[in-house]
Amino acid sequence: MDMIVRQRIVHTVKMSAIVFGAVLLLGGCGKKAENTNLLAGMELVEQYEFQGAIESFEAALLNNEDAELTYRGQGIAYMGLGNYAEAENAFLRSIENAQGSPTALVYDTNYYLASAYMKQGKYADAEKIYSAIIGLKKKEKDAYYLRACAVLRQNRYDEAVLDFERAFALDSDDIELVTDAYVEMQAAGFGEQGKTYIKKFMTEKEKSLKDGEKGIISFYLEDYESARKYLDPFEKGTDPQLSLILGQTYEKLGDMNKASVVYQTYLSANEPDAAIYNSLGICLMNQERYAEAVTAFESGIAMGASDYLQELRFNMIVANEYTGNFEQAKTMMQEYLQTYPDDAKAKKENEFLKTCHQK
C-alpha cells in the first residue's frame, strides 16, 4: 500500500493567470443565444464535472458555436481530467480560431497551453510561450515567474534565478511569490539557495510584516518554533491559510494531536475549506485514525468544486484501504481512474488493490 499522499502546503504553482472567465466573456460577445452548449459546458467546468463538460463542448462544435471559446473550455476540461495531451491540442485549436490582435482571452489561453506543456514535461515549449508573452508584456510578473519554473526544470539554474528576481522586482511585497519560488527551487534541488530569497524578504520587510506573514516565512525557513509562536494567536481565527500553516507547523513539530485540533477548530467555526479537510484527513491517517480520516476526506469531497477534489478522492481511497474496506476502495479507484486516467500514482495503487481481499 502506497502511503501517503501529496500534501500541498498552502500555495499552488501559478499555472494560469486567469480563472474560468469564459462564461462572463460570453455575455459581451453578441452570441450568447447561440452558445447554449458552450455555456452548459463552462457551467460544468465550474462544477468540476469535466467529462460532462467535454460532451457539451463536442455538442457546441457540432452546433458551430464559438470555436475559440469552445476549444478553450474543452482544454480546461481535459486539464481537469489530467489528459494534458488532449488539453494541449484543444488550446492550440482555440488560439488558431482567435481573430485579430492578441486579446486578454488569447493571453489566458496561452497560459493554459503552457501549463499543459509543463504537465507533460515539455518545459522548452512552455518556456517559448512565456517568452512570447514577455515579449509583448514586459511587466508580466506571472510570465517571468512561470518561465523561471520552466527553465529551472531544464536545469538552467542561473537563468531561472534571473527570471525569479525579475518577478520579485515587479512586486516586491508579494510574499506568496517568494515562497512559491522557494518551493520550486527546493523541488529542483536548490532549496538552500531558495531560502536566501525568503531570508532577504524577511530582512527587508520585517518592520512592515504582520505576525501571520512572519509565521508563514518562518515555516518555510523550517523555523517551526518561531512559526508556532507567530501563528498560535490565529488558532481561533478566520484565515484558512494561517490555520493551515499552523496545523502543518505542529505536524512538523511532531504534535499530530495538536495539529488535528487546529484543523478541527477552524472547521467548526468557519466555512468549510477543502484544503483543511485534506490536511486534517492526512493528519488523522498519520495517527492511525483511519475511520475519522475517511470522514474528513468525505467532507472535503462533499464540497464539490475544489482544487483539492482529485487529491481528496485519492486520499479517501487510501484511507479506506487502511480501514480494511478494500472492496469500497476498489470501487472508488475504478471511478477515480475513469476521471483521472493518466494518474501514475493511482495506477500503481490500483495494482496493489487487485491483490487485496476484503477482511
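K.L.:
Would you mind showing me how to read the overall build of the protein chain here?
P.N.:
When its secondary structure is counted, the protein chain shows 20 helices and zero strands. Partitioning the contacts of the protein chain with sequence separation of at least 6, the portion at a separation of at least 24 is 57%. When the accessible area of the protein chain is evaluated, it comes to approximately 16,700 Å², of which 48% is carbon and sulfur surface.

K.L.:
Where do I start with unusual backbone geometry in this structure?
P.N.:
Leave glycine aside and you will find that most residues have negative phi; peptide bonds, for their part, are mostly trans. Despite not being glycine, Asn64 has its phi angle at roughly 60 degrees, a positive value. With respect to the secondary-structure elements, Asn64 resides in the loop between α3 (50–62) and α4 (67–81). Of note in this structure, Glu288 is not a glycine but carries a positive phi near 65 degrees. Tracing the backbone shows Glu288 in the loop between α16 (274–286) and α17 (290–302).

K.L.:
Sorry, what's going on with helix α9 (residues 157–170) here?
P.N.:
Note on helix geometry: an α-helix contains 3.6 residues per turn, so any two residues three or four positions apart are oriented the same way. Taking 1.5 Å per residue, 14 residues should reach 20 Å; α9 reaches 20 Å between its end C-alpha atoms and fits that length. Listed in full, the buried residues belonging to α9 are Tyr157, Ala160, Val161, Asp163, Phe164, Ala167 and Phe168. One side of α9 carries all its buried residues, which in axial view fall inside an arc of 165 degrees. Opposite its buried face, α9 presents the exposed residues Asp158 and Ala169, each directed more than 90 degrees away. Along its buried surface, α9 packs onto α8 (141–153), α10 (175–187) and α11 (191–205).

K.L.:
Before we go on, may I ask you to explain the pattern of salt bridges in this structure?
P.N.:
Side chains that differ in sign of charge can pair as their charged atoms come close. For the coordinates displayed, the defined rule picks out 19 salt bridges. Note that Arg156 and Glu127 form a salt bridge whose closest N and O atoms lie 2.9 Å from each other. Of this pair, Arg156 sits in the loop between α8 and α9 while Glu127 sits in helix α7 (residues 123–136), placing them 29 residues apart in sequence. Taking relative accessible area as the criterion, Arg156 reaches 25% and is therefore assigned partly exposed. A relative accessible area of 15% places Glu127 in the buried class. Here the salt bridges do not stand alone but share partners, grouping Glu127, Arg156 and Glu159 into one network.

K.L.:
Got a minute to help me understand the confidence of the model for the protein chain in this structure?
P.N.:
Interpretation of the predicted coordinates at a detailed level should be avoided for regions scoring low in pLDDT. Here the protein chain averages 88 in pLDDT, while 89% of its residues score no lower than 70. By mean pLDDT, helix α1 (residues 22–26) is the weakest element of the protein chain at 43, and helix α13 (residues 224–231) is the strongest at 98. Considering only residues more than four positions removed or in separate chains, one finds that residues 1–33, a stretch of pLDDT under 50, has 101 contacts.

K.L.:
So what exactly am I meant to see when it comes to the packing of helix α12 (residues 211–220) against helix α14 (residues 240–252) here?
P.N.:
Think of two packed helices as two axes; the pair is described by the angle between the axes and how far apart they sit. As a packed pair, α12 and α14 sit with axes 10 Å apart at the nearest point and diverge in direction by 40 degrees. As summarised for this structure, α12 and α14 are arranged oblique, according to the angle between their axes. The hand of the α12/α14 crossing is left-handed. In this structure, α12 uses Gly212, Ile216 and Phe219 to contact α14, whose residues at the interface are Gln241, Leu242, Ile245, Gln248, Thr249 and Lys252. For the contact of α12 with α14, the class distribution of residues is four nonpolar, four polar and one charged.

K.L.:
Before we go on, may I ask you to explain the packing of α9 against α10 in this structure?
P.N.:
Contact geometry for α9 and α10: axes closest at 10 Å, N-to-C directions at 170 degrees. By the criterion of interaxial angle, the relationship of α9 to α10 is roughly antiparallel. Together, Tyr157, Val161, Phe164, Ala167 and Phe168 of α9 and Leu177, Val178, Ala181, Glu184 and Met185 of α10 make up the contact between the two elements.

About the thresholds
- Residues numbered from 1 in each chain as written.
- Predicted model: local features only at pLDDT ≥ 70, side-chain atom pairs only at ≥ 80, totals over all residues.
- Heavy atoms only, no water.
- Helix = DSSP H or I, 4+ residues; strand = E, 2+ residues; numbered from the N terminus.
- Contact = heavy atoms within 4.5 Å.
- Areas by Shrake-Rupley, 256 points an atom, 1.4 Å probe, with all protein chains shown as cover.
- Expected span 1.5 Å × (residues − 1).
- Buried < 20%, exposed > 50% of the residue type's maximum accessible area, 1.4 Å probe, protein only.
- Arc of directions from axis to C-beta.
- Salt bridge = Lys/Arg side-chain N within 4 Å of Asp/Glu carboxyl O.
- pLDDT = per-residue confidence, 0-100.
- Axes fitted to C-alpha atoms, helices over the stretch in contact; angles between N-to-C directions.
- Parallel < 35°, antiparallel > 145°, perpendicular 65-115°, else oblique.
- Left-handed = near helix turned anticlockwise from the far one by under 90°.
- Nonpolar A, V, L, I, M, F, W, Y, C, P; charged D, E, K, R; others polar.

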